[in-house]
Amino acid sequence: METSIRKPPALLSSPRSNGIQAKLWAVARHLPVALAGLCMLVPFLWMVSASLMTPQEITGSPPSLLPAHAQWQNYAHVTGVVPLFRSYLNSIVVSAGATVGVLLTSSLCGYSFAKFTYPGRDALFVLTISSLMIPPFAVVIPLFWLVKQFGWIDTYMGLIVPSIFSGYGVFMMRQFLLTFPNDLLDAARIDGASEPRIFWQVVMPLTGPALATLGAFTFVAMWNGFLWPLLIVQSQDMQTIPLALNSLRVYGAEAQSHNLQMAGTALGVIPALVLFVFLQRYFSRGIVLTGLQG
Amino acid sequence: MAVETIRAPVARRAPRIAASRMLWGYLFACPAILGIMVFSLGPILFAFWVSVHQWNLISPIPDMVFVGLRNYVDVATSDVFRAAFRNTVEFTVVGVGINTVLGLLLALLLNQRLRVRAFWRTLFFLPLVTPPLALGIMWTSLLDRNYGAINAVLSRLHLAPQPFLASPDQALASIIAIAVYQYVGMYVIIYLAGLQGIPQDYYDAAAVDGAGSWQSLRYITLPLLRPVFLFIVVTNTIGALQVFDVVFAATTGGAQTSGGGPANSTMVVVLDMYNTAFKFFEMGPATAMAVILFAITLLVTLAQLRLLRPRM
């Protein structure tokens, strides 16, 4: 959040009080960033442009950059090839389910580590931290077997449950809750409130920022996850968005309809992007919360 | 005086309260701890165990055949894995290296503008929240030798169109470029957060002492960014070693079968592991690969933490 005005600390600070020169300099300073920013947009622009081309335009030689006439019907065609609406639904269910699960279990556990003392607490915390060292891919194969034993292959359970228990989430909530005022807790206890009630009615409402950040991270990570759903999902109507895009990619390559492939990708990517852009604030804050504390 | 009288009655009841509170402490921690043990720690131990056996995932556990370290030997001598390992390391070193510098530059530039900064930052944020698979699809299309936009632009400039992902020489560089594109935003955002945490007074004091821009940068900004720098480099190295989605999107399906690009020039470890486990159903070698990469990741992380530890 931009609060006070920060003077440029380095690089391009050259005070020029002359009007025109100052303006030119301002533009020049903007330029590298603007260029880089536009580069970020290029793949998206191409995706939209290609999605509106005819098959001839897209495989033409030399390849075209812009369609002659926008073929909006490509978008209609694509929904016939891959069940995008169903995939959206699946992605929403999976991401939201996992997010709620992570928020609940992580805040409960973080609260326990931060505000309770019992034998073995610190050992358990170390255990939690060590799980952070385990990269996802390393456990994918055993997890697959485990999930298979539970009969959760190709189900929402299989997609959601393994991701609910996050050492990262516990760590983050614990750090945040360490600074939670004890007076509030003591006051509630003196008033006779039970521990669960204290957690739910005193602690949770006041952890909004941390929950929002953890929630944003978890939601986006689940939404974009590919390797795990690739293994778990076997039927087309359980696909999440990345899986649907993958099917579309394979289809597009085989059927030589790259324009449809781009249309599908655009449909799959843009709506979620619009939402995630609004979450940007929580990301920056979250990164600050975790990153700078080393 | 008032404090002591309040405390006395509480102290007498303390043991009973403490016990019940301890119980709640355990209870609250239970779901997460159990979950982590079942879905994280348990599986990694299971992976270690499987890696010294031969197993096809389908037959029951007791039928697993113990083969000692043979899986590790097979993996270490496999051409595909060696290519995968080499590529993964190259990808990680070059990708993280480029982004570390590029991200810092962009963050420094962005740190100066006020009003429009949010807009530019949003642009850098976009690739971060797009599914990596989708980015792989978009870039594969952009880089296509026949109809990709990049070659279209090149041919209009009368330059030779490049094969990019179709060529053993350029494929890995292309993948690295995609990864740089995808993650530079994360570096920018984190560096920016770090830069904003540096008090303006330091710069003012330095200016009073006659320090120029470059000196400010070198003696104030960079040292104070060290914790942030460490965080970014460590997390992104770990992430880069696990690259999968982009390579999968760029090199599987259609005409190719196992992926990994022309002559395995973009094969990476996780992809090799995926193929070995879920195409060839050889769980032993696959988990051996997982263990090897896990060990490397741990070592590299510890080394980085050691070397880059902020001395403040």
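Residues numbered from 1 in each chain as written. Chains lettered and ligands numbered in written order. Predicted model: local features only at pLDDT ≥ 70, side-chain atom pairs only at ≥ 80, totals over all residues. Heavy atoms only, no water.

### Observations concerning the overall build of chain B
Line of reasoning, step 1. Tallying secondary structure elements over chain B gives 13 helices and two strands in all.
Line of reasoning, step 2. Looking at the 312 residues of chain B, the share that counts as buried comes to 52%.
Line of reasoning, step 3. Sequence-distant contacts, at least 24 apart, represent 65% of the contacts inside chain B between residues at least 6 apart. (Helix = DSSP H or I, 4+ residues; strand = E, 2+ residues; numbered from the N terminus. Buried < 20%, exposed > 50% of the residue type's maximum accessible area, 1.4 Å probe, protein only. Contact = heavy atoms within 4.5 Å.)

### A word on the overall build of chain A
Line of reasoning, step 1. A tally of regular secondary structure across chain A gives 15 helices and zero strands.
Line of reasoning, step 2. Here chain A holds 294 residues, and the buried ones make up 53% of them.
Line of reasoning, step 3. Of the roughly 13,200 Å² of accessible surface on chain A, a fraction of 68% belongs to carbon and sulfur atoms. (Areas by Shrake-Rupley, 256 points an atom, 1.4 Å probe, with all protein chains shown as cover.)

### So, the pattern of salt bridges
All names here are of chain A.
Line of reasoning, step 1. A full pass over the atoms with the stated rule returns three salt bridges over all chains.
Line of reasoning, step 2. For the salt bridge of R189 with D186, the shortest nitrogen-to-oxygen distance reads 3.8 Å. Placement of the pair is R189 and D186 together in helix α9 (residues 182–190), with a separation of three residues, close to one helical turn.
Line of reasoning, step 3. Note that R189 is salt-bridged to E195, the shortest N-O span being 2.7 Å.
Line of reasoning, step 4. Each of D186, R189 and E195 takes part in a single network of salt bridges with overlapping partners. (Salt bridge = Lys/Arg side-chain N within 4 Å of Asp/Glu carboxyl O.)

### Quick look at the packing of aromatic side chains
Line of reasoning, step 1. Enumeration over the complete set of coordinates arrives at 30 aromatic pairs over all chains.
Line of reasoning, step 2. On the basis of an interplanar angle of 75 degrees and a centroid distance of 5.6 Å, the ring pair of F113 of chain A and F125 of chain A is categorised as edge-to-face. Taken together, the positions of F113 of chain A in helix α4 (residues 84–115) and F125 of chain A in helix α5 (residues 121–132) put the pair twelve residues apart, joining distant regions of the chain.
Line of reasoning, step 3. Residue class for F125 of chain A comes out buried when judged on its relative accessible area of 12%.
Line of reasoning, step 4. These aromatic residues form a ring-pair network of at least three members: F144 and F226 of chain A together with F244, F248, Y274 and F278 of chain B. (Phe/Tyr/Trp six-rings, centres within 6.5 Å; stacked < 30°, edge-to-face > 60°.)

### As for the state of the cysteines
Line of reasoning, step 1. Considering all chains together, one arrives at zero disulfides over all chains under this definition.
Line of reasoning, step 2. With no disulfide of its own, C30 of chain B has C109 of chain A as its nearest cysteine by sulfur position, at a separation of 8.9 Å.
Line of reasoning, step 3. By relative accessible area, C30 of chain B is classed as partly exposed at 36%. (Disulfide = S-S within 2.5 Å.)

### A few points about α9 of chain A
Residue and element names in this part refer to chain A.
Line of reasoning, step 1. Buried residues of α9: L185, A188 and R189, and no others. Taken end-on, α9 shows its buried residues confined to a sector of 100 degrees, consistent with a single buried face. Across α9 from its buried face, at more than 90 degrees, point the exposed residues D183 and I190.
Line of reasoning, step 2. G192 sits one or two positions beyond α9 and adopts a positive phi of about 90 degrees. (Arc of directions from axis to C-beta.)

### Section: the nonpolar core
Line of reasoning, step 1. F44 of chain A together with F124, F244, Y274 and F278 of chain B are the most contacted members of the largest nonpolar core, which totals 155 residues.
Line of reasoning, step 2. A per-element tally of this core places helix α7 (residues 171–196) of chain B first, with 15 residues.
Line of reasoning, step 3. Here F278 of chain B is in contact with V140, I141, F144 and L231 of chain A together with L57 of chain B, once residues within four sequence places are set aside.
Line of reasoning, step 4. In this structure, F125, A210 and L214 of chain A together with I33 of chain B belong to the second largest nonpolar core, which totals 29 residues. (Core = buried A, V, L, I, M, F, W, Y, C linked by side-chain atoms within 4.5 Å.)

### Quick notes on the interface of chain B and chain A
Line of reasoning, step 1. Counting residues at the interface gives 100 residues for chain B, matched by 105 residues for chain A.
Line of reasoning, step 2. Each partner contributes to the roughly 9,400 Å² buried at the junction of chain B and chain A, and carbon and sulfur atoms together form 77% of this total.
Line of reasoning, step 3. Linking chain B with chain A are zero salt bridges.
Line of reasoning, step 4. Our count for the contact surface shared by chain B and chain A stands at six residue pairs in polar contact (both at pLDDT 80 or more).
Line of reasoning, step 5. When residues of the side of chain B that touches chain A are assigned to their parent elements, the largest contribution, 21 residues, is made by helix α1 (residues 2–50) of chain B.
Line of reasoning, step 6. Taken together, the residues of the side of chain B that touches chain A sort by class into 72 nonpolar, 22 polar and six charged. (Buried area = accessible area lost by both parts, 1.4 Å probe. Polar contact = N/O pair within 3.5 Å; in protein donor to acceptor, adjacent residues only side chain to side chain. Nonpolar A, V, L, I, M, F, W, Y, C, P; charged D, E, K, R; others polar.)

### Considering the packing of helix α1 (residues 19–51) of chain A against helix α14 (residues 258–278) of chain A
Residue and element names in this part refer to chain A.
Line of reasoning, step 1. Contact pair α1 / α14: the axes reach a minimum separation of 8 Å and the direction vectors enclose 130 degrees. When the axes of α1 and α14 are compared, the pair comes out oblique. For the crossing formed where α1 meets α14, the hand is left-handed. Contacts between α1 and α14 involve F44, M47, V48, A50 and S51 on the former and, on the latter, N259, M262, A263, T265, A266, V269, I270 and L273.
Line of reasoning, step 2. Grouping the constituent residues of the contact of α1 with α14 by class yields ten nonpolar, three polar and no charged. (Axes fitted to C-alpha atoms, helices over the stretch in contact; angles between N-to-C directions. Parallel < 35°, antiparallel > 145°, perpendicular 65-115°, else oblique. Left-handed = near helix turned anticlockwise from the far one by under 90°.)

### Quick look at the side chain of N151 of chain B
Residue and element names in this part refer to chain B.
Line of reasoning, step 1. Mapped onto the elements of the fold, N151 is located in helix α6 (residues 149–156).
Line of reasoning, step 2. For N151, the side chain forms a polar contact with the main-chain oxygen of D144, separated by 3.3 Å.
Line of reasoning, step 3. Within the structure, the side chain of N151 is placed 2.8 Å from the backbone nitrogen of Q162, a separation counted as a polar contact.
Line of reasoning, step 4. Apart from the residues lying within four places of it in its own chain, the contact partners of N151 are L143, D144, R145, P161, Q162 and F164.

### So, a nonpolar patch on the surface
Residue and element names in this part refer to chain B.
Line of reasoning, step 1. The grouping of V89, V93, V94, I98 and L102 at the surface amounts to a nonpolar patch, some 360 Å² of accessible area in total.
Line of reasoning, step 2. Along the polypeptide, I98 turns up in helix α3 (residues 79–110).
Line of reasoning, step 3. For I98, a relative accessible area of 37% corresponds to the partly exposed category. (Patch = residues over 30% accessible without salt bridge, like charges linked within 9 Å, V, L, I, M, F, W, Y side chains within 5 Å.)

### Structural notes on the confidence of the model for chain A
Line of reasoning, step 1. On average, residues of chain A score 82 in pLDDT, and 87% of them are at 70 or above.
Line of reasoning, step 2. Mean pLDDT across the secondary structure elements of chain A bottoms out at helix α15 (residues 280–291) of chain A, with 66, and peaks at α4 of chain A, with 91. (pLDDT = per-residue confidence, 0-100.)

### Some thoughts on the environment of I61 of chain B
Line of reasoning, step 1. Relative to the helices and strands, I61 of chain B is located in the loop between β1 (53–54) and β2 (65–66).
Line of reasoning, step 2. Sequence-wise, I61 of chain B and V50 of chain B are eleven residues apart; in three dimensions their C-alpha atoms are separated by 9.6 Å.
Line of reasoning, step 3. If we skip the residues at most four places from it in the chain, I61 of chain B touches W145 of chain A together with F46, W49 and W55 of chain B.

### Some points on helix α5 (residues 132–142) of chain B
Line of reasoning, step 1. The element α5 of chain B is extensively covered by neighbouring structure, given that ten of its eleven residues are classed as buried.
Line of reasoning, step 2. Every buried residue belonging to α5 of chain B is among P132, L133, A134, L135, G136, I137, M138, W139, S141 and L142 of chain B, and all of these are buried.

### Quick look at unusual backbone geometry
Line of reasoning, step 1. Backbone geometry at D154 of chain A places phi at a positive 65 degrees, although glycine is not the residue there.
Line of reasoning, step 2. Residue placement: D154 of chain A occurs in the loop between α6 (136–150) and α7 (156–160).
Line of reasoning, step 3. Of note in this structure, F164 of chain B is not a glycine but carries a positive phi near 45 degrees.
Line of reasoning, step 4. Mapped onto the elements, F164 of chain B comes out in the loop between α6 and α7.
Line of reasoning, step 5. Judged by its relative accessible area of 14%, F164 of chain B is buried.

### Quick word on the packing of helix α12 (residues 269–278) of chain B against helix α13 (residues 283–307) of chain B
Angle between the axes and distance between the axes are the two parameters that describe a pair of packed helices.
All names here are of chain B.
Line of reasoning, step 1. Where α12 contacts α13, the two axes come as close as 8 Å, and the packing angle between them is 160 degrees. For the element pair α12 / α13, the angle class is roughly antiparallel. Our pair here, α12 against α13, has a crossing hand that is left-handed. Residues V269, V270, D272, M273, T276 and A277 of α12 pack against M283, P285, A286, M289, A290 and L293 of α13.
Line of reasoning, step 2. Here the residues of the contact of α12 with α13 are counted per class, giving ten nonpolar, one polar and one charged.

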